[in-house]
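# Working through the structure, step by step
Listed below, chain by chain, are the residues.
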Amino acid sequence: MTGDNRSPMELHRDPLEPAGRRLLLYLRGLPLSEVRRLETAAEIIGDLEEHPPQPGIPPEVEAMQRLREQAGINGAFGFPAAVPPLTRGAMKPEEMDRRPWLNASGRLLQSVWRRLGGETQIFSPPKHRRRRHPRTANHFYNRPWSRIASFRRLILALFVLLPSLLAGPLFASLLPNKGGTLLELVLVLVFTLLFAWISVGFWTAMLGFLTLAKRYDRILATRAQNGQKTSPIRNGVRTAILFPVCNENMDRVCAGIAATCRSLERTGQQGAFDLFILSDTADPDAWVEEEIAWHHLRQQIGRAIPIFYRRRRINQKRKSGNVADFCRRFGRRYTYMVVMDADSIMSGETLVRMVAIMEGQRRIGILQTAPNLAGRETLLARLQQFCNRAYGPMFAAGLHSLQLGDAQFWGHNAIIRIRPFMRHCGLMRLPGKAPLGGDILSHDFVESALMRRAGWGVWLAFELPGSYEEPPPTLLAELKRDRRWCTGNLQHLRLLFTRGLFPTHRFLFLNGAMSYISAFLWFLLLLLSTLEAILIAVSKPSYFPPTRSLFPQWPVWDPYLPLLLLAATATLLFLPKIFSAFLILFKGNAREFGGLFPLFLSIFFEVLISTLLAPIRMMFHTKFVFFTLLGRQSGWGKQQRDDLGTSWWEAFRFHGAATLFALLWGGVLYFLNPAFLLWISPIVGSLLLSIPLSVWTSRASLGCLCRRLGLFLTPEEIDPPQELRDTAVLEKLFTQSPSPFELHKGEGFIKAVLHPAVHALHLELLDRQTLSWNSRRWESGGPLLEKALADGPERLAARDRKQFLYDPALLKELHRRLWLLPNRDLKIKWGLKQL
């Protein structure tokens with residue numbers, strides 16, 4: 001039998017060590033000085049030595065009970081206000097009449113009825129329709145830029161329609177029956193539509209090339225007025241910067257916000273801005289993590305710029321509803337709002353200049369910037385960042401030259417005049433079931449159309465620098481985002497005939513839908529061409545016409561016509577990229593892309609990889625359009641913004657069906673018409689390689705290798721702006737910040753229950769309308785409380801955790817009783833390993 005060598009004093013104090021550890025652990029979560037914490041713990045431990053707990057009560061439980069009996073021990077945390085005082089305003093949904101032909105025919109029928117002597121009212125137009133402001137036509141139809149824009153759009157229409165009408169018959173001449181059968185007629189029609197579609201992009205890029213090459217554009221929203229560099233900002237003009245979030249990685253979000261705030265401080269104009277984090281997060285753990293991140297962000301930034309946080313209980317209308325909720329609650333406090341995305345970054349100079357532009361141009365309702373893509377390292381992300389910086393400026397300049405004051409709002413990185421936005425841009429729910437009914441998903445295009453209908457300009461400030469966002473890091477992340485966009489853009493087809501919309505925005509609605517319908521048409525063209533090739537292979541050729549003829553009609557094949565058509569299509573697709581490279585050289589910016597040789601090598605590999613990925617995107621976009629028309633809804637979950645990559649199993653799940661389809665497609669053509677298989681081999685081959693392409697393009701290692709080889713470099717990598725450097729440093733800082741009680745990130749609910757400071761912070765941020773603890777609430781909360789104490793958080797569903805987080809009294813009671821549990825239960829069930 002082994003003897004105990006400890007002293008009598010050690011034997012006496014051993015039972016109190018767990019009590020001391022628990023006391024110090026809890027006290028470190030309170031706003032007390034270290035001296036006060038040690039004095040309090042020593043006082044309670046001394047009291048336990050003099051007055052031991054009753055038999056059966058662990059010392060640590062008794063210590064916590066005596067700690068709570070001390071008056072004022074919790075202190076005052078002094079949390080800042082989460083939101084400013086309410087200044088409620090109205091933002092009613094705008095009526096959007098989608099059947100003007102019905103009202104027009106009704107009015108005609110009513111007039112005819114009265115001429116025939118009828119006195120009854122057989123048709124009454126809707127009383128709630130808003131008429132356009134009478135100043136709208138006078139202000140906008142007579143503006144010089146509107147006449148210039150109309151002329152440019154007319155020229156564009158001619159340049160698109162005339163070649164397309166020539167390409168259609170040329171394509172028909174290549175078919176066996178010269179377009180005489182129904183199948184070939186459909187083929188010609190689809191080809192003509194696709195040729196016109198790619199022609200729009202080509203001529204838009206060419207117009208952008210001319211705009212940037214001449215180095216001067218007299219119609220710019222950002223051009224100074226009366227020779228002033230910037231218009232002065234009036235006293236009392238305040239701007240809110242909005243960051244809507246939903247189940248985001250808050251370390252990256254807060255890093256971007258902090259970098260934006262620091263840049264704004266360097267301008268000295270930070271006093272005119274407030275910043276809001278508007279949350280639609282539904283996950284209870286992510287909800288608490290957002291609150292902790294907001295508190296750390298406030299500590300990091302200080303009081304230079306007020307940073308507010310609000311989380312909606314009901315996620316209604318998604319992001320547009322989140323922004324509308326802000327407008328109704330706080331919109332009257334501000335003149336402008338800058339709407340950002342969760343991954344957006346903007347320089348302080350750009351923010352100040354945007355406000356100055358809005359002050360100088362009082363008829364602009366929305367000013368949209370052209371964000372630069374930056375910040376990700378995967379191969380696909382680097383490819384998109386390079387395309388954005390190499391080709392994007394030319395396309396953006398072309399869009400501006402065509403649209404002028406009829407531009408689009410892209411949903412983020414834009415400044416909005418709040419008063420007309422609240423008055424005219426409330427979104428209604430579309431009648432019918434989702435996905436084509438219900439909430440409008442792609443709200444930004446609709447809001448810009450409504451703003452324009454009300455008489456306010458919407459401009460694209462393509463030349464403004466200092467606006468950034470991140471691209472999707474993987475192909476699957478991009479496609480998941482595209483499915484939401486596809487559904488929203490197809491909804492716009494229901495709004496094409498809305499009364500009062502300008503023709504430009506009707507075309508933009510159609511253009512947005514064509515971004516995905518074109519993939520469906522491309523797939524249809526390939527499918528019908530394959531069917532035509534199979535029919536030619538299996539049918540017996542006939543060289544004699546139905547009428548009597550002495551000589552056969554041999555088929556004549558002109559090899560130059562298909563090559564001409566192929567060359568024309570390739571020119572429309574690839575010539576803008578060559579012009580973009582020439583523009584970079586002309587302006588002397590090749591060094592910003594690593595030099596002349598790396599620039600052209602990057603363009604070559606970008607064309608190669610994009611050509612391989614295009615059929616994969618076509619298949620998915622076709623499926624999205626098909627499923628949307630069938631009524632299949634798309635989710636709106638958490639977006640992937642990190643560089644973790646795609647696993648082989650995940651790629652197989654998403655691309656396996658397309659691979660099998662390509663295998664069958666190629667196999668059938670190989671046995672029936674091998675010659676046609678050679679023509680479409682790039683498409684079939686890309687689909688067969690879809691799984692490895694999806695995996696390889698998601699690898700950050702390949703992206704870093706391309707960086708070392710000098711490929712796909714961008715100006716933000718050659719000379720990173722201060723905002724991006726700050727974001728990278730701050731993201732590491734927030735990621736490496738200690739977590740309360742060393743709990744893992746993502747265990748927000750446990751932190752809100754156990755940690756005193758997080759617990760108090762969450763209670764502070766709850767709405768005042770929360771129900772108090774009473775017998776009626778106890779009936780549902782009491783059993784849930786006992787379940788949490790007995791089984792721990794693992795047995796609590798997300799709905800149960802939300803009930804705790806929504807009810808302050810229930811949460812307080814759980815917090816109090818948890819700290820009275822034995823150490824063993826807190827370690828095993830609640831993960832508190834520091835005890």
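Remember, predicted model here, so these are calculated numbers, not experimental data.

A word on the overall build of the protein chain. Helices and strands together make up the secondary structure of the protein chain, namely 33 helices and 10 strands. Residues counted as buried form 53% of the 835 residues belonging to the protein chain.

Time to look at the pairing of strand β2 (residues 273-279). Among the 7 residues of β2, 7 are classified as buried, and the element is accordingly described as predominantly covered. Pairing of strand β1 (residues 239-245) with β2, which is carried by 7 bridges, proceeds in the parallel orientation. Considered in β2, the bridge of Ile241 is made with Leu275. With helix α9 (residues 250-267) bridging β1 and the parallel β2, this β-α-β connection has right-handed handedness. Here β2 runs beside strand β3 (residues 307-311); their pairing, made up of 5 bridges, is parallel. Its bridge partner lying in β3, Phe276 is registered against Phe308. Handedness of the crossover is the feature at issue here: the chain leaves β2, passes through helix α10 (residues 284-301), returns alongside β3, and the resulting connection is right-handed.

This part is about the sheet that holds strand β6 (residues 364-369). On the basis of which strands lie adjacent, the open sheet formed by 7 strands has the order β3-β2-β1-β4-β8-β6-β9 and mixed pairing. The sheet is open, and its two edges are formed by β3 and β9 (457-461), each paired on a single side. Direction aside, neighbouring strands of the sheet carry axes that sit 20° apart on average. When β6 meets β9, the two strands line up parallel, connected through 5 bridges. Residue pairing across strands places Thr369 opposite Ala461, the latter belonging to β9. Sheet strands in contact with helix α12 (residues 348-360) are β1, β2, β4 (336-339), β6 and β8 (414-417), and its direction is about 150° off that of β6.

As enumerated under the stated definition, the model contains 27 aromatic pairs in all. Considering the side-chain rings of Phe159 and Trp203, the 4.7 Å spacing of their centres and the 50° angle between planes classify their relative orientation as tilted. Pair noted here: Phe159 is in helix α7 (residues 144-173) and Trp203 is in helix α8 (residues 182-213), with a separation of 44 residues, a long-range link. Judged by its relative accessible area of 40%, Phe159 is partly exposed. Between Phe276 and Tyr334 the ring centres are 5.8 Å apart and the planes differ by 90°, which places this aromatic pair in the edge-to-face class. Highlighted residues: Phe276 in strand β2 and Tyr334 in the loop between α11 (318-330) and β4, separated in sequence by 58 residues. Summarising the burial analysis for this pair, Phe276 and Tyr334 share the class buried. Feature note: the residues Phe276, Phe308, Phe326, Phe330 and Tyr334 constitute an aromatic cluster, connected by ring pairs. In this structure, Arg363 packs its charged tip against the face of Trp456, placed 4.3 Å from the ring centre. It is Arg452 that lies over the ring of Phe502; its NZ or CZ is 4.1 Å from the centre.

One recurring pattern in soluble globular proteins: nonpolar side chains tend to sit buried together. Membership of the largest hydrophobic core comes to 99 residues, with the highest contact counts inside it found for Leu367, Phe804, Leu814 and Trp830. Sorting elements by how many residues they give to this core places α9 first, with 9 residues. Counting residues in each nonpolar core, the second largest holds 68 residues, with Cys327, Leu430, Leu460 and Leu501 among its members.

The subject of this paragraph is a nonpolar patch on the surface. A contiguous nonpolar patch, built from Leu531, Leu535, Val538, Val668, Tyr670, Phe671 and Leu672 and spanning about 710 Å² of accessible area, is present on the exposed surface. Contributions of two or more residues to the nonpolar patch are made by α18 (503-538) and α21 (648-672). Tallying contributions element by element places α21 first for the nonpolar patch, with 4 residues. The topology assignment puts Val538 in helix α18.

Mean pLDDT over the protein chain: 82, with 83% of residues reaching 70 or higher. Considering only residues more than four positions removed or in separate chains, one finds that residues 1-13, a stretch of pLDDT under 50, has 4 contacts. This model gives residues 128-142 a pLDDT under 50, and the stretch forms 30 contacts once residues within four places in sequence are excluded.

Next up on the list: the sheet that holds strand β7 (residues 372-373). A sheet is described by the order of its strands in space; here 3 strands give the open sequence β5-β10-β7, paired in mixed fashion. Both edges of this open sheet fall to β5 (345-346) and β7, since each of them pairs with a single strand only. With 2 bridges connecting them, β5 and strand β10 (residues 467-469) associate as antiparallel partners. Following the sheet pairing, Ile345 is matched in β10 by Tyr468.

Positionally, Thr504 belongs in helix α18. In this structure the side chain of Thr504 is engaged in a polar contact, spanning 2.8 Å, whose partner is the side chain of Arg153. With residues near it in sequence (within four places) discarded, Thr504 still touches Arg153 and Asp406.

Within the secondary structure layout, Gly432 lies in the loop between α15 (418-424) and α16 (443-453). Once residues lying within four places of it in the same chain are set aside, the contact partners of Gly432 are Gly437 and Gly438.

With that out of the way, let us pick up the packing of α16 against α18. At their nearest, the axes of α16 and α18 sit 10 Å apart, and the two run at 170° to each other. Taken together, α16 and α18 sit at an angle that is classed as roughly antiparallel. Facing Phe445, Val446, Ser448, Ala449 and Arg452 of α16, the residues of α18 in contact are His505, Leu508 and Phe509.

Calculation notes
- Residues numbered from 1 in each chain as written.
- Predicted model: local features only at pLDDT ≥ 70, side-chain atom pairs only at ≥ 80, totals over all residues.
- Heavy atoms only, no water.
- Helix = DSSP H or I, 4+ residues; strand = E, 2+ residues; numbered from the N terminus.
- Buried < 20%, exposed > 50% of the residue type's maximum accessible area, 1.4 Å probe, protein only.
- Pairing = 2+ DSSP bridges.
- Right-handed = clockwise from strand over helix to strand, strands pointing away.
- Axes fitted to C-alpha atoms, helices over the stretch in contact; angles between N-to-C directions.
- Contact = heavy atoms within 4.5 Å.
- Phe/Tyr/Trp six-rings, centres within 6.5 Å; stacked < 30°, edge-to-face > 60°.
- Lys NZ or Arg CZ within 6 Å of the ring centre and 35° of its normal.
- Core = buried A, V, L, I, M, F, W, Y, C linked by side-chain atoms within 4.5 Å.
- Patch = residues over 30% accessible without salt bridge, like charges linked within 9 Å, V, L, I, M, F, W, Y side chains within 5 Å.
- Areas by Shrake-Rupley, 256 points an atom, 1.4 Å probe, with all protein chains shown as cover.
- Salt bridge = Lys/Arg side-chain N within 4 Å of Asp/Glu carboxyl O.
- pLDDT = per-residue confidence, 0-100.
- Polar contact = N/O pair within 3.5 Å; in protein donor to acceptor, adjacent residues only side chain to side chain.
- Parallel < 35°, antiparallel > 145°, perpendicular 65-115°, else oblique.

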